Amino acid sequence: MSDAREVLAAATRRYRRTETAHEEARQETINAVLAALRAGIGPTEVERLSPFTGAYIRKVAREAGVPPASPGPKRTARAG
C-alpha cells in the first residue's frame, strides 16, 4: 500500500472512531444554544459564543419552538 493510501486509511479509522463523540458534542452544544436563547441571551451573543452561524442558530431555534428575538438593538453582557 502506498504512503498516501496508508495515511488515508488511518485518517478514516480515526474519523470513524471519533464520529460518535463529535455528534454527542454537537448535540450538547445545540442544547446549550437553545438554553441560552431561552434564558434571554441574544442571538448575536449566542453566535459569538458558539461554533454555529447565525443562520443555523435561527434554524435550530425555530425547530425547537424558540420565538425570534424582538427587533431593535440588544443589550449585551459585559465581560468582567
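Residues numbered from 1 in each chain as written. Predicted model: local features only at pLDDT ≥ 70, side-chain atom pairs only at ≥ 80, totals over all residues. Heavy atoms only, no water.

**Student:** Where do I start with helix α3 (residues 54-63) in this structure?
**Tutor:** Since one α-helical turn is 3.6 residues long, residues separated by three or four positions face the same way. Listed as buried for α3 are Gly54, Ile57, Val60 and Ala61. With its buried residues spanning 130° around the axis, α3 presents them on a single face. Of the surrounding secondary structure, the elements contacted by the buried residues of α3 are α1 (3-38) and α2 (43-49). (Buried < 20%, exposed > 50% of the residue type's maximum accessible area, 1.4 Å probe, protein only. Helix = DSSP H or I, 4+ residues; strand = E, 2+ residues; numbered from the N terminus. Arc of directions from axis to C-beta. Contact = heavy atoms within 4.5 Å.)

**Student:** Looking at this structure, how should I read the packing of aromatic side chains?
**Tutor:** Where two aromatic rings form a pair, the distance of their centres and the angle of their planes describe that pair. Here the structure, examined in full by the defined rule, presents one aromatic pair. Ring centres of Phe52 and Tyr56 lie 5.1 Å apart, and the angle between their planes is 55°; this geometry places the pair in the tilted category. (Phe/Tyr/Trp six-rings, centres within 6.5 Å; stacked < 30°, edge-to-face > 60°.)

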